[in-house]
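Summary of the model geometry
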Amino acid sequence: MTATRVPRTVGVVWALLALNTLGSAGAKTVIALPRSLIQMATMGALVAAFALALAVNLRLRFRPSAFVFLLTLLLVPSVISSVHLEVGYGALFRCARLALFVGTLWLLSRWWDGGLTFVRYHVRMYFAVLCLVAAGLVVAPGTAMPEYYGGRLVGALWPLTPPQIGQYAAVVIGLTVLLLVGRRVDRTGAVVIIVPSLVLLLMTHTRTATLGLLIGLVLAIGSLVMTSAAARRFFAWAVVCASVAAVVFSSALRAWFLRGQSQENFSNLTGRAKVWDALLGTPRTLGEEVFGTGLGDKSFDGLPIDSSWLAVYHEQGLLGLVLVSGMLLVLGGVALLRPPSLPRACAIFLISYCALSSYTEVGLGDASAYLLHLALAASLLAVPAPVPAPPVPDVPRHHVPRWARR
């Protein structure tokens, strides 16, 4: 396949995919938006994304991608378990949504060439979401930091939970820092994005996103240390600043990390362990063990599961666990085999962030922002398409008389 210029429509499709993953459930907003209206907007965004992707790729040209192939196979246990309607007709709707999501990724794979184009799409879209969150904080600070969430930042204009906002802020900060280290963005532009995103992340009190950001950046920048002087300088300054902050602000950091919780509540992961034990202790049939119970709302007995691995096991069974594990292993293995580069570092950050967050967040088994992060990593690890050699112009032949040829 020859290298082609990425049409602007592709950026619109990526933004629509991100809009679809925002979800329809969350905090109370300033203006009470009916959930059906929000679902119509998010699902309409996915349908529009698929239609636009098909319009710019009418010849159905794809690039081979092991990640998208495994994601396609994940539809098998999802459909098999959902047709029994154990969780209602919503399971089939979620299967159709996942199928459209995967189909759109296949159509976009034509432009996956290991470049940073999709990174810029990703940062712009989620930074726009963070700007919407900041606008809600200015318009209605009481609604944006409600008591029922412990004073943590939520979406006041669009129903977003603190973990969602923390996730978007962490990904935006991490990718922008890497672009700054790779000198693909100027310092002023990076500060404009990083500083407000960091403030919003701290206001969400999201521990998973913060740890994912720190560990992901350490691994990503560490992959550049041997080949980039800028990465070495940034890594050294980051270690010094982190050491000073850990000593000077140790008590404040501990209070922020505990969020006013007791040691017992913190040790059982804010009640998650009780739900996990109940889920694992529930008897299952052989079919439910292998294929799961069907795509649901990632809850068990009305309580959120808050673990991608247990949610996949509950809804898509052991087969789903094998496929999701395969996706992460394939991406991680390819990232380790690639030579050091800025796209590889961005991919390592995204893979490590999603792997760490999967312990206490859901999303690896259904259309979600986490799958979009991993799709971005897959696009960064794609081998660039070979550029064809320019055609050699035909040299005109001069007519030679017969007597001269003799």
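Refer to the structure printed above.
Okay, so let's go over this structure. What you see is a predicted model; the values in this text were computed from it and never measured.

Rules used in this analysis
- Residues numbered from 1 in each chain as written.
- Predicted model: local features only at pLDDT ≥ 70, side-chain atom pairs only at ≥ 80, totals over all residues.
- Heavy atoms only, no water.
- Helix = DSSP H or I, 4+ residues; strand = E, 2+ residues; numbered from the N terminus.
- Patch = residues over 30% accessible without salt bridge, like charges linked within 9 Å, V, L, I, M, F, W, Y side chains within 5 Å.
- Areas by Shrake-Rupley, 256 points an atom, 1.4 Å probe, with all protein chains shown as cover.
- Salt bridge = Lys/Arg side-chain N within 4 Å of Asp/Glu carboxyl O.
- Buried < 20%, exposed > 50% of the residue type's maximum accessible area, 1.4 Å probe, protein only.
- Contact = heavy atoms within 4.5 Å.
- Phe/Tyr/Trp six-rings, centres within 6.5 Å; stacked < 30°, edge-to-face > 60°.
- Axes fitted to C-alpha atoms, helices over the stretch in contact; angles between N-to-C directions.
- Parallel < 35°, antiparallel > 145°, perpendicular 65-115°, else oblique.
- Left-handed = near helix turned anticlockwise from the far one by under 90°.
- Nonpolar A, V, L, I, M, F, W, Y, C, P; charged D, E, K, R; others polar.

**Let's talk about unusual backbone geometry**
Backbone geometry places His205, a non-glycine residue, at a positive phi of 55°. Tracing the backbone through its elements, the reader meets His205 in the loop between α9 (187–204) and α10 (207–222).

**Remarks on a nonpolar patch on the surface**
Together, Val30, Ile31, Leu33, Leu37, Met40, Leu132, Val138, Val139 and Leu157 make up a nonpolar patch on the protein surface, roughly 840 Å² of accessible area in all. Residue assignment for the nonpolar patch shows that the elements contributing at least two residues are α2 (35–56) and α6 (117–139). Secondary-structure assignment places Leu132 in helix α6. Since its relative accessible area comes to 35%, Leu132 is described here as partly exposed.

**Examining the side chain of Ser82**
Along the chain, Ser82 falls in helix α4 (residues 75–82). Residue Ser82 is classed as buried on the basis of its relative accessible area of 1%. Residue contacts for Ser82: discarding those within four places in its chain leaves Ala91, Leu92, Cys95, Gly294 and Leu295.

**A look at the packing of aromatic side chains**
Considering all chains together, one arrives at seven aromatic pairs under this definition. The interplanar angle of 70° and the centroid separation of 5.5 Å between the aromatic rings of Trp276 and Tyr359 together place this pair among those described as edge-to-face. Of this pair, Trp276 sits in helix α14 (residues 272–281) while Tyr359 sits in the loop between α17 (342–357) and α18 (369–381), placing them 83 residues apart in sequence. For Tyr359, a relative accessible area of 48% corresponds to the partly exposed category.

**Brief notes about the packing of α6 against helix α8 (residues 162–181)**
Across the interface, α6 lies against α8 with an axial gap of 9 Å and an inter-helix angle of 135°. Put simply, α6 runs oblique to α8. Crossing angle aside, the handedness with which α6 passes α8 is left-handed. Along the contact surface, α6 presents Val119, His122, Val123, Tyr126, Phe127, Val129, Leu130 and Val133, while α8 presents Ile165, Tyr168, Ala169, Val171, Val172, Leu175, Thr176 and Leu179.

**Concerning the packing of α6 against α18**
At a closest axis distance of 10 Å, the pairing of α6 and α18 adopts a crossing angle of 155°. With respect to α18, the element α6 is oriented roughly antiparallel. Residues Phe118, Val119, His122 and Tyr126 of α6 form the contact with α18, whose own contacting residues are Ala369, Leu372, His373, Leu376, Ser379 and Leu380. In terms of residue class, the contact of α6 with α18 is built from seven nonpolar, three polar and no charged.

What is shown is where atoms sit, not what they do.
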